[in-house]
Amino acid sequence: TLQVKKVWTADDQPIIYITNHIPLWVFEGHFSQDEITQPGLTEPFFQFFRQRCSTPIDHLTSCLVPQTVENCQLPDEFSGYALNTPVLVIEDVGFTREGKPVFHSLEHLFGVASKYETIRRIL
């Protein structure tokens, strides 16, 4: 499994931390071992699966859980947050039309990034 970690900032403040786990079979026949480790390879995320891996994501299952910083494993960029800071944690699993899991994602959203409105449809 390939693990891809991403941090997004707003006004130099980290507000989103995502860890994606992608099984290696997704990359087979599409990328060399060196290409797999290149930064930004999986962006934009859903286009990456559809266009570059020929594995479109059909649907997601999502679990939203309110947490605090003290209950999350976060990188050093988030050390400026107080331990009681609220965090919206979203766990996603993306599936093919046949129901095969393609990725697992754990998202940590802070402040304005934790406002969550959704209509989820993959085209």
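For the structure, check the block above.
**Digging into the packing of aromatic side chains**
Part 1 of the argument: In the structure shown here, the tally under the stated rule is 13 aromatic pairs.
Part 2 of the argument: Here the aromatic rings of Phe-45 and Phe-49 are separated by 4.9 Å at their centres, their planes lie at 90 degrees, and the arrangement is edge-to-face. With Phe-45 and Phe-49 both in helix H2 (residues 45–52) and four residues apart, the pair spans about one turn of that helix. The residues Phe-45 and Phe-49 share a single accessibility class, namely buried.
Part 3 of the argument: One aromatic cluster is present, built from ring pairs that chain together Phe-27, Phe-31, Phe-45, Phe-46, Phe-48, Phe-49 and Phe-103.
Part 4 of the argument: Looking at Lys-100, its charged tip hangs above the ring of Trp-25, at a distance of 3.9 Å from the centre.

**With respect to unusual backbone geometry**
Part 1 of the argument: Following Glu-43, the chain continues into Pro-44 via a peptide bond in cis, with omega recorded as -15 degrees.
Part 2 of the argument: Positive phi outside glycine occurs at Ser-54, with the angle close to 55 degrees.
Part 3 of the argument: Relative to the helices and strands, Ser-54 resides in the loop between H2 and strand E3 (59–68).
Part 4 of the argument: Classification of Ser-54 by relative accessible area gives exposed; the value is 55%.

**Section: the side chain of Lys-6**
Part 1 of the argument: Counting through the fold element by element, Lys-6 comes out in strand E1 (residues 2–10).
Part 2 of the argument: Lys-6 sits in the buried class, given a relative accessible area of 11%.
Part 3 of the argument: In this structure, Lys-6 is in contact with Ile-16, Tyr-17, Ile-18, Asn-20, Thr-42, Glu-43 and Phe-45, ignoring residues within four places of it in sequence.

Rules used in this analysis
Residues numbered from 1 in each chain as written. Predicted model: local features only at pLDDT ≥ 70, side-chain atom pairs only at ≥ 80, totals over all residues. Heavy atoms only, no water. Phe/Tyr/Trp six-rings, centres within 6.5 Å; stacked < 30°, edge-to-face > 60°. Helix = DSSP H or I, 4+ residues; strand = E, 2+ residues; numbered from the N terminus. Buried < 20%, exposed > 50% of the residue type's maximum accessible area, 1.4 Å probe, protein only. Lys NZ or Arg CZ within 6 Å of the ring centre and 35° of its normal. Contact = heavy atoms within 4.5 Å.

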